[in-house]
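# Summary of structural features
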Amino acid sequence: MLKRTWMRLAAALLAAIANFVTVPNAALAAAPLHHDQAPGFYRLKVGDLEVTALFDGPGVFDVNWLNGEKTKDGVLKALHDDPHLLDVADAGYLVNTGKQLILVDAGSGTWFGGGKFGHLVSNLRSAGYTPEEVDLVLVTHLHSDHIGGLTTQDGKIVFAAPYIKAGKWHTFSDSRQIVDGMQIVPLRGHTPGHTGYELSSQGKNILFWGDVMHVQRLQLPDPKVTVVFDVDPTAAAVTRDQLLRKLASEDVLIVGPHLLFPGLGRLHKEGGGYRWAPVAFTDQWEEK
Ligand SMILES: [Zn+2]
Ligand SMILES: [Zn+2]
């Protein structure tokens, strides 16, 4: 009796498997493609600071924006084998100090890029904040891919608090009055006043380096490569050389808005250049 039951069960299972193996091709083909992406933010802890990278949009650096005919020729050749060599990004960074909500750089907004940029605000909302909550916007410099996101095309203020409460706009020469535990880091060469911001908390350091680097896959192996947006390319290269050397010997988390998103990592010396060690994705908030 028992044996017959088992045999019936086995036969039923075989029939089920036979059905199963004949079906999957049709089932797989029918599954719709999902073209949407995870929200463009990444959060990490630096001491007591909560830092959230906010994606504004993807970009490809134009080869003609590089200085030097030799560099351009070399890159054009390299692009045949490595078409993603010049991939870049644009991002801004939200720092919640527990007392203040600070945005470092505001992305491009809708000012150029044909709709590719301008996603920073929606990603900020996805990250659980609103633009009105932002107390302070720090800009590394005045290029449009860093300040474009401050206003809409019809002139509206996007991050309400800093303009209304703080008298709209301040320049500075000293960081002490701006944010507790923050140093300004002058980064000469890219633009007049190009400035990095270094924050420290519980012995952990994070540096927002602005446009020290545009194309990491070119400028890490060869930091001498400069771009047409550098007002003083020679000074920009010297600044980069000195800064990279220093950072490779320190445990500083580096933040670069044009590095591959989320643009957070550390540097190590490698040959005549540097190797980027990106932060690894984790869903664990407390560091072990
Ligand atoms: Zn710039
Ligand atoms: Zn830039």
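In this convention, every chain numbers its residues from 1, walking through the sequence in written order. Chain labels run from A onward and ligand labels from 1 onward, assigned in the order the entries are written. Reporting in this predicted model follows two pLDDT cut-offs: at least 70 for local features of residues, and 80 or more for side-chain atom pairs to be given and counted; totals over whole chains, interfaces and linings ignore these cut-offs and use all residues.

### Quick word on the overall build of the protein
- Counting secondary structure elements, the protein contains eight helices and 11 strands.
- In the protein, buried positions account for 33% of the 288 residues.
- Contacts here follow a simple rule: the backbone-placed C-beta atoms of the two residues must lie within 7 Å. Long-range contacts, defined as pairs at least 24 residues apart, comprise 65% of the intrachain contacts of the protein with a sequence gap of at least 6. The numbering of helices and of strands both runs from the N terminus, where a helix is a DSSP run of H or I of at least 4 residues and a strand a run of E of at least 2. Once C-beta atoms are placed from the backbone, each residue is buried if 20 or more other C-beta atoms lie within 10 Å of its own, exposed if 12 or fewer, and partly exposed for counts between those two.

### Observations regarding the sheet that holds strand S7 (residues 195-201)
- Criterion used throughout: strands pair if DSSP finds at least two bridges between them. A sheet is described by the order of its strands in space; here six strands give the open sequence S6-S7-S8-S9-S10-S11, paired in mixed fashion. Looking at strand neighbours, the two that pair on one side only are strand S6 (182-186) and strand S11 (273-278), the edges of this open sheet. Sheet twist, expressed as the average angle between the axes of neighbouring strands with direction ignored, equals 35 degrees.
- When strand S8 (residues 204-208) meets strand S9 (residues 252-255), the two strands line up parallel, connected through four bridges. Looking at S9, one finds that Asn 205 is bridged to Val 252.
- Here the axes come from fitting lines to C-alpha atoms, over the contacting stretch only for helices, and the angles between their N-to-C directions go from 0 to 180 degrees. Sheet strands touched by helix H8 (residues 233-248): S9, strand S10 (264-270) and S11. Its angle to S10, the strand with the most contacts, is close to 95 degrees.

### Examining the pairing of strand S1 (residues 41-46)
- In this sheet, strand S2 (residues 49-60) lies alongside S1 in antiparallel orientation, the contact comprising six bridges. Among the inter-strand pairings, Val 46 is bridged to a residue of S2, identified as Leu 49.
- What sits between the antiparallel neighbours S1 and S2 is a turn of two residues, in which Gly 47 has the positive phi angle 60 degrees.

### What to know about the environment of Val 238
- Along the chain, Val 238 turns up in helix H8.
- Separated by 50 residues in the primary sequence, Val 238 and Arg 188 place their C-alpha atoms 8.6 Å from one another.

### Some words on H8
- Between the first and last residue of a helix there are one fewer steps than residues, each counted as 1.5 Å, and that sum is the expected span. Given a rise of 1.5 Å per residue, 16 residues ought to cover 22 Å, and the 22 Å separating the end C-alpha atoms of H8 matches this to within 8%.
- In the core, the buried residues of H8 are packed alongside S9, S10 and S11.

### Let's talk about the sheet that holds S2
- Strand order in the open sheet formed by five strands is S1-S2-S3-S4-S5, and the pairing between neighbours is mixed. Either end of the sheet is taken by a strand with one partner, and the two such strands are S1 and strand S5 (136-138). Averaged over all pairs of adjacent strands, the angle between their axes in this sheet comes to 25 degrees, without regard to strand direction.
- Here four bridges tie strand S3 (residues 87-96) to strand S4 (residues 101-104), and the two strands are oriented antiparallel to one another. Paired with Asn 96 across the bridge in S4 is Leu 101.

### Here's the deal with the nonpolar core
- Connectivity within a nonpolar core runs through C-beta atoms within 7 Å, and the core itself is a set of buried Ala, Val, Leu, Ile, Met, Phe, Trp, Tyr and Cys residues. Of all hydrophobic cores here, the largest spans 52 residues; its most connected members are Ala 53, Leu 54, Tyr 93, Leu 103, Val 104 and Val 255.
- The dominant element in this core, judged by the number of residues it contributes, is S3, at six residues.
- Sequence-distant contacts of Tyr 93, that is, excluding residues within four places in its chain, are made with Val 51, Thr 52, Ala 53, Leu 54, Val 104, Asp 105, Phe 208 and Val 255.

### Section: the environment of Gly 47
- Take Gly 47: it is sitting in the loop between S1 and S2.
- Residue Gly 47 is classed as partly exposed on the basis of its 16 C-beta neighbours within 10 Å.
- Taking the C-alpha atoms as reference, Gly 47 lies 9.7 Å from Ile 206; in sequence the two are 159 residues apart.
- The contact partners of Gly 47, leaving out residues within four places of it in the chain, are Ser 201, Gln 202, Gly 203 and Lys 204.

### Examining unusual backbone geometry
- The peptide bond linking Phe 261 to Pro 262 adopts the cis configuration, its omega dihedral lying at 5 degrees.
- Phi at Gln 202 is positive, roughly 50 degrees, even though this residue is not glycine.
- Mapped onto the elements of the fold, Gln 202 is located in the loop between S7 and S8.

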